[in-house]
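Results of the structural survey
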Amino acid sequence: MPITFDFGNSGTAVYHVSTSNPGPVINIADGVTFTLSTDASGGQEEIIFGNDGSPNYDLYLTDGSTTNDVWTLTFVSTANTINNILSGTASNELTLQFGSVFGSMKLELLNATGAVFDSTTITTAQSNGSLNFGSVAISGIKFTSLSLFVDAMNLKSMSGNALNCFCVDTKISTPNGPVSIQNLEFGDVVTTAAGGSSTVNWLGVQEVDVRTTDPKKVNPICISAGALGENTPARDLFVS
């Protein structure tokens, strides 16, 4: 299912980062903790993360020095480690949505181990536009200012694909009959919708506390019995 992290959801103060105060800067967007660290090599950086005081700059980086600076954005969800990796698919490509861009910056995509595996350069031409990276999976993004004058970038949101989660006691078809989702184990064989079989290679658990997040974003939705075709699903199906 598609997922979008909107950095305008919460507000933080404006952070002035210098060589003596290198951060990091933290913002929580849609239940995921985003951390923006910097080498502060130029000493004339400014970071705005969140829309407090600057509603048009959800995540704003600026480098006013002649020394090129590097920022690294990573994300961690203690509730659901699936969200430590943001991925794209053919139908839900990994997409970055920008506001204003000045000068030029290099964007490097980080894989699950934190290594760079792809890069591109953004300029003023990307202002109020987006970049699609297709079917890739990232654990973070590294930004590097490139010009000897002012470089600035406003990243409004990141979107991609997330996994669907079944609620406890959802029955999963297997060659030996229905099994409750929480009782499945690595290596078990399950029956696919096409009537074939597949082996369970991974199991994940997401616990949600609606007291600390927006219930509309985390409450399960119901797919009514037969909504996707005859006997599909066989009974009301709750997913998140």
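Residues numbered from 1 in each chain as written. Predicted model: local features only at pLDDT ≥ 70, side-chain atom pairs only at ≥ 80, totals over all residues. Heavy atoms only, no water.

Next up on the list: the environment of Asp 169. Mapping Asp 169 onto the fold places it in the loop between strand 15 (151-161) and strand 16 (171-172). Along the backbone, Asp 169 and Gln 182 are 13 residues apart, and their C-alpha atoms lie at a distance of 6.7 Å. Not counting residues within four places of it along the chain, the set of residues in contact with Asp 169 comprises Ser 180, Ile 181 and Gln 182. Of note is the side chain of Asp 169, whose polar atom sits 2.6 Å from the side chain of Gln 182. (Helix = DSSP H or I, 4+ residues; strand = E, 2+ residues; numbered from the N terminus. Contact = heavy atoms within 4.5 Å. Polar contact = N/O pair within 3.5 Å; in protein donor to acceptor, adjacent residues only side chain to side chain.)

Evaluated as defined, the whole model comprises 1 salt bridge. Across the salt bridge formed by Lys 106 and Glu 108, the nearest N and O atoms sit 3.8 Å from each other. (Salt bridge = Lys/Arg side-chain N within 4 Å of Asp/Glu carboxyl O.)

Okay, the environment of Pro 178 next. Mapped onto the elements of the fold, Pro 178 is located in the loop between strand 16 and strand 17 (179-180). Overall, Pro 178 belongs to the exposed group, its relative accessible area being 63%. (Buried < 20%, exposed > 50% of the residue type's maximum accessible area, 1.4 Å probe, protein only.)

Let us look at the confidence of the model for the protein chain. Looking at the protein chain as a whole, the pLDDT averages 77, with 70% of positions reaching at least 70. Of all the helices and strands in the protein chain, strand 2 (residues 14-17) carries the lowest mean pLDDT, 54, while strand 10 (residues 104-110) carries the highest, 93. Ignoring residues within four places in sequence, the model shows residues 52-56, a span with pLDDT below 50, making 6 contacts including any to other chains. (pLDDT = per-residue confidence, 0-100.)

Judged by nonpolar contacts, the single largest core of 29 residues is most densely connected at Phe 143, Met 153 and Met 158. When residues of this core are traced back to their parent elements, those giving at least two are strand 4 (32-38), strand 5 (45-49), strand 6 (59-63), strand 7 (70-76), strand 9 (95-102), strand 10, strand 14 (140-145) and strand 15. Ignoring sequence-local partners within four residues, the contact set of Phe 143 consists of Leu 61, Asp 69, Val 70, Trp 71, Leu 73, Met 105, Lys 106, Leu 107, Met 153 and Leu 155. (Core = buried A, V, L, I, M, F, W, Y, C linked by side-chain atoms within 4.5 Å.)

Positioned with a positive phi, Asn 128 is a non-glycine residue whose angle comes to about 60°. Positionally, Asn 128 belongs in the loop between strand 11 (116-123) and strand 12 (130-132). Residue class for Asn 128 comes out exposed when judged on its relative accessible area of 63%. Even without being a glycine, Asp 169 presents a positive backbone phi close to 80°.

We now examine the side chain of Ser 147. Position of Ser 147 among the secondary structure elements: in the loop between strand 14 and strand 15. In terms of polar contacts, Ser 147 uses its side chain to reach the side chain of Asp 151, at 2.6 Å. The contact partners of Ser 147, leaving out residues within four places of it in the chain, are Asn 68 and Ser 104.

Turning to the pairing of strand 5, a few remarks are in order. Most of strand 5 is tucked away: 4 of the 5 residues are buried. One ladder, built from 5 bridges, connects strand 5 with strand 6; its direction is antiparallel. Its bridge partner lying in strand 6, Glu 45 is registered against Asp 63. (Pairing = 2+ DSSP bridges.)

A word on the pairing of strand 11. Taken together, the 7 bridges between strand 10 and strand 11 define a ladder with antiparallel strand orientation. Looking at the pairing, Leu 109 lines up with Asp 118 of strand 11. Hairpin connection between strand 10 and strand 11: a loop of 5 residues separates the two successive antiparallel strands, and Gly 114 in this loop has a positive phi of roughly 90°.

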